[in-house]
Amino acid sequence: MVRTRSSADDMRALAVEDLAAALAAAGLRVEQAGKGALRVQFDDARFDVDVVPIAYATGARVDEVVADAHPAGRLPVVVADRVTADAKDRLADAGWGWLDRRGHLRLRSPGLLVDTTVPAVARDTVALEPIRGRAGIAIAYRLLTHPKESISTTRSGLGFAPSTISDALSRLRTAGLVDADGPAATPELFWALAERWTPERTWLAEVPDPTATDTAEWCVSGTIAAAELGAPVVSTRAAPDLYVPGPVVVTIAARRYGVARDAGTAAASVAVAPASAVTNETRDPVHQPWRLAHPVAVALDLAQDRARGREILADWNPPEHVW
């Protein structure tokens, strides 16, 4: 059954229920021990846990909840739809446990360590996703490319209704991805956006003409842009991965330059930018003809490669570094 929630009390009640189910699945005996608390028993080990519900557990959000007062004598356990790697490190350092509803339970008490996979909890992704739709992506991207600025609901220039912007910002704040005073919580927001950054690429048989008037608003990302922006990559013979302003442009490009069978035979690729600011805010090229996407857009593309791309990001520290 898909789970939803509508209030703080609902969140706590669902968190208690989900944690109890996860503990039982891990082979522990569980019973209620007061509002928002469970009593856990395994052999001779017995202890109480304080259930701490969070929509989206990031390192910054964990720092906030760890600093709050919690009942003495209970082991605090965060229950969240997602627990980032940074958040897990900070929870472990604080001696807290966690349940990531995607299927990971960890808690430690005297005489007991539980660190195991458990059944994932189905959730209403539309209701709970902190970055939702094109507005959510555009706002998250703006916050990352202008990390010291907040976003006005009435003067953002993003082209969305004030109520839409307000709702998107509220989701980010609830998830701990935006600080209370407005700027982005990094790197948490970057990695949350990376999960939603899914451009649909069309593979072209020929390389588009960068000097043509109808490609003036295009920009390059991927390996070529990363190399030009100083990332530790080699771009020899790499096909340009291009961002274009809209879907009509993709259709025209496919007709003009032909569609390749697959990525391996493509001379280039085109995709609509997930956020319009990608093609609106570009950088001058240096060693190749295409304008460059912002380093954050390039980093988001690299992050899609969970192996090599993320290794590159770990060694790339431009001034715009937010990952």
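Everything that follows concerns the structure shown earlier in this document.
This is a predicted model, so every value here is computed, not measured.

1. What to know about the overall build of the chain
The helix and strand inventory of the chain stands at twelve helices and eleven strands. Taken over 323 residues, the chain has a buried fraction of 49%. In the chain, 65% of the contacts between residues at least 6 apart in sequence involve partners at least 24 apart. Of the roughly 15,500 Å² of accessible surface on the chain, 49% is carried by carbon and sulfur atoms. Of the side-chain charges in the chain, 35 are positive and 41 negative, and the distance between the mean point of each set is 3 Å.

2. Quick word on the packing of helix α5 (residues 133-145) against helix α11 (residues 295-302)
At a minimum axis separation of 9 Å, α5 and α11 run at an interaxial angle of 120 degrees. For the element pair α5 / α11, the angle class is oblique. Residues Tyr 141, Leu 144 and Thr 145 of α5 form the contact with α11, whose participating residues are Val 296, Ala 297 and Leu 300. Across the contact of α5 with α11, the residue classes tally to five nonpolar, one polar and no charged.

3. Points about the pairing of strand β11 (residues 268-272)
In terms of residue burial, β11 counts as a mostly covered element, since four of its five residues are buried. One ladder, built from three bridges, connects strand β8 (residues 202-204) with β11; its direction is antiparallel. Looking at the pairing, Trp 203 lines up with Ser 269 of β11. In this structure, strand β10 (residues 241-244) lies alongside β11, joined through four bridges in parallel fashion. For Val 244, the partnering residue across the bridge sits in β11 and is Val 272. What joins β10 to β11 is helix α9 (residues 247-257), and the crossover it makes is right-handed.

4. Regarding the layout of surface pockets
Taken as a whole, the largest pocket holds about 280 Å³ of empty space. In terms of lining, the largest pocket is formed by 15 residues, of which the most central are Tyr 56, Thr 84, Ala 85, Trp 191 and Glu 195. Sort the elements by how many residues they give to the lining of the largest pocket and helix α7 (residues 188-196) lands first, with four residues. In terms of residue class, the lining of the largest pocket is made up of six nonpolar, one polar and eight charged.

5. Examining the pattern of salt bridges
Under the defined criterion, the tally for this structure stands at 14 salt bridges. Close ionic contact of Arg 291 with Asp 284 constitutes a salt bridge, the shortest N to O distance being 2.6 Å. Given a relative accessible area of 54%, Asp 284 falls into the exposed group. One salt-bridge network, held together by shared partners, links Asp 18, Asp 81 and Arg 101.

6. Some details on helix α6 (residues 162-174)
The end-to-end C-alpha distance of α6 is 18 Å, a good match for the 18 Å that 13 residues give at a rise of 1.5 Å each. All of the buried residues along α6 are Ile 165, Ala 168, Leu 169, Arg 171 and Leu 172. Axial view of α6: buried residues confined to an arc of 155 degrees, hence all on one face. Immediately downstream of α6, the backbone of Gly 176 shows phi near 75 degrees, a positive value.

7. A look at the environment of Ser 235
Secondary-structure assignment places Ser 235 in the loop between α8 (222-228) and β10. Residue class for Ser 235 comes out partly exposed when judged on its relative accessible area of 28%. Placed 158 residues apart in sequence, Ser 235 and Val 77 show a C-alpha to C-alpha distance of 46 Å.

Parameters at a glance
- Residues numbered from 1 in each chain as written.
- Predicted model: local features only at pLDDT ≥ 70, side-chain atom pairs only at ≥ 80, totals over all residues.
- Heavy atoms only, no water.
- Helix = DSSP H or I, 4+ residues; strand = E, 2+ residues; numbered from the N terminus.
- Buried < 20%, exposed > 50% of the residue type's maximum accessible area, 1.4 Å probe, protein only.
- Contact = heavy atoms within 4.5 Å.
- Areas by Shrake-Rupley, 256 points an atom, 1.4 Å probe, with all protein chains shown as cover.
- Lys, Arg positive; Asp, Glu negative; His and termini not counted.
- Charge placed at Lys NZ, Arg CZ, Asp CG, Glu CD.
- Axes fitted to C-alpha atoms, helices over the stretch in contact; angles between N-to-C directions.
- Parallel < 35°, antiparallel > 145°, perpendicular 65-115°, else oblique.
- Nonpolar A, V, L, I, M, F, W, Y, C, P; charged D, E, K, R; others polar.
- Pairing = 2+ DSSP bridges.
- Right-handed = clockwise from strand over helix to strand, strands pointing away.
- 1 Å grid on protein atoms, 1.4 Å probe; cavity = no way out; pocket = protein on both sides within 12 Å on 5 of 7 lines; lining within 4 Å.
- Points joined across faces, edges and corners; volume = space filled by probe spheres on them.
- Salt bridge = Lys/Arg side-chain N within 4 Å of Asp/Glu carboxyl O.
- Expected span 1.5 Å × (residues − 1).
- Arc of directions from axis to C-beta.

Distances and angles like these do not, on their own, reveal function.
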